[in-house]
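So you can see what is in the structure, the chains are spelled out below.
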Amino acid sequence: MNYRHIYHAGNFADVLKHAVLARLVTYLQQKEKAFRVLDTHAGIGLYDLSSEEAQKTGEWRDGIGRLLEGDLPAPIAAILEPYLATVRELNPGSELTRYPGSPKLVRMLFRPQDRLSAMELHPDDYETLHRLFDGDFQSRVTELDGWLALGAHLPPKEKRGLILVDPPFEIEGEYERLADGLAKGYRRFAGGTFCLWYPLKKNAPIKAFHEALKALEIPKMLCAELSVRSDRDTTGLSGSGLIIVNPPFTLKGELDVLLPFLKTRLGQDRFASSRCFWLRGEEAATRALD
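Analysis parameters
Residues numbered from 1 in each chain as written. Predicted model: local features only at pLDDT ≥ 70, side-chain atom pairs only at ≥ 80, totals over all residues. Heavy atoms only, no water. Helix = DSSP H or I, 4+ residues; strand = E, 2+ residues; numbered from the N terminus. Buried < 20%, exposed > 50% of the residue type's maximum accessible area, 1.4 Å probe, protein only. Polar contact = N/O pair within 3.5 Å; in protein donor to acceptor, adjacent residues only side chain to side chain. Contact = heavy atoms within 4.5 Å. Salt bridge = Lys/Arg side-chain N within 4 Å of Asp/Glu carboxyl O. Axes fitted to C-alpha atoms, helices over the stretch in contact; angles between N-to-C directions. Parallel < 35°, antiparallel > 145°, perpendicular 65-115°, else oblique. Left-handed = near helix turned anticlockwise from the far one by under 90°. Nonpolar A, V, L, I, M, F, W, Y, C, P; charged D, E, K, R; others polar.

Some points on the side chain of Q138
If you trace the backbone, Q138 turns up in the loop between α6 (123–132) and β5 (139–142). On the basis of relative accessibility, which here comes to 7%, the residue Q138 falls in the buried class. Polar side-chain contacts of Q138 include one of 2.9 Å to the backbone oxygen of R111. In contact with Q138, other than residues within four places in its own chain, are R107, F110, R111, P112, Q113, D114, R115 and L116.

What follows is the structure, encoded as structure tokens:
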């Protein structure tokens with residue numbers, strides 16, 4: 001209950017998460033039928049980068065700030081366009097002061113038929129998020145533990161959906177809860193696209209987490225990771241990862257282009273790295289036979 005994303009809004013982890021999230025939304029929009037985005041840990045929705053909290057850490061300067069410095073190669077600009085278009089819309093001047101959280105980002109990308117269900121447990125953050133979307137008939141904000149939403153709010157009535165699970169990882173056992181939460185959500189909505197965020201830091205149980213996910217035997221799971229620095233001399237965040245269940249068929253190729261660029265643009269030391277691979281899927285099966 002002590003986590004406040006305002007200290008981290010717009011950092012390198014947000015860049016990866018939101019770039020992929022925007023691609024997933026635009027992919028769902030290739031079909032006319034409506035879909036729903038379920039955001040299980042929604043936060044406050046919109047962040048003031050000029051606030052005392054954001055200025056104290058300045059993490060956004062090494063994230064979205066760096067990304068917007070200089071020109072982007074044409075293939076990168078095309079992949080990032082849905083994401084960066086929302087950031088630019090919120091900042092029409094030359095100064096970067098506002099950054100969209102996940103619920104605001106997807107809502108700005110919506111068509112009239114698309115819907116958002118945003119869950120937030122922290123009372124103050126819930127009130128802020130509720131005010132942000134007050135009167136918006138396409139969005140529903142609920143004060144609820146997001147882990148419960150993976151049972152109670154799936155499947156969506158639209159029968160098409162994207163589920164973002166982005167817990168703060170402030171208590172022990174969150175990697176296990178993430179795997180268990182995916183198992184629960186997938187049982188209820190096997191046709192949905194799930195996007196799970198997790199931190200990379202010193203001694204994080206990433207291998208065990210990946211093995212737990214593979215044990216679920218979900219047919220298609222794509223993994224994308226970006227580390228911007230070594231974890232040797234820090235106990236803080238050195239990188240982040242995403243697990244995408246039922247990804248669009250174009251996403252692997254896009255990430256193979258995007259991730260090396262982000263490693264170069266956002267890297268903070270020579271140990272910056274990135275990787276994208278199938279946890280489960282055709283390529284994972286082929287690799288296992290080699």
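The discussion continues.
A few points about the pattern of salt bridges
Going through the model one piece at a time under the given rule, you end up with 11 salt bridges. One salt bridge connects D62 with R66, and the closest N-O pair in it is separated by 3.2 Å. Between R107 and D136 there is a salt bridge, with its nearest N and O atoms 2.6 Å apart. Of this pair, R107 sits in helix α5 (residues 102–109) while D136 sits in the loop between α6 and β5, and the two are 29 residues apart along the sequence. For D136, a relative accessible area of 17% translates into the label buried. Through salt bridges with shared partners, one network takes in D14, K17 and D166.

So, unusual backbone geometry
Cis geometry is found at the peptide bond from L154 to P155, where omega equals -5°. Of note in this structure, K159 is not a glycine but carries a positive phi near 65°. Relative to the helices and strands, K159 resides in the loop between α7 (146–152) and β6 (161–165). According to the relative accessible area criterion, K159 is exposed, its value standing at 54%. You will see that F169, though not glycine, has its phi angle at about 55°, which is positive. Position of F169 relative to the elements: it lies in the loop between β6 and α8 (174–188). Of the residues examined, F169 reaches a relative accessible area of 11% and is grouped as buried.

Quick look at the packing of helix α1 (residues 12–28) against helix α10 (residues 251–266)
Where α1 meets α10, the closest approach of the two axes is 12 Å, and the angle between their N-to-C directions is 160°. With respect to α10, the element α1 is oriented roughly antiparallel. When the axes of α1 and α10 are compared, the crossing they make is right-handed. For the pair α1 and α10, the contacting residues are F12, V15, L16, A19, V20, R23 and L24 in the first and L251, E254, L255, L258, L259, L262 and L266 in the second. For the contact of α1 with α10, the per-class residue count stands at 12 nonpolar, no polar and 2 charged.

All quantities given are derived from atomic positions and should not be read as evidence of function.
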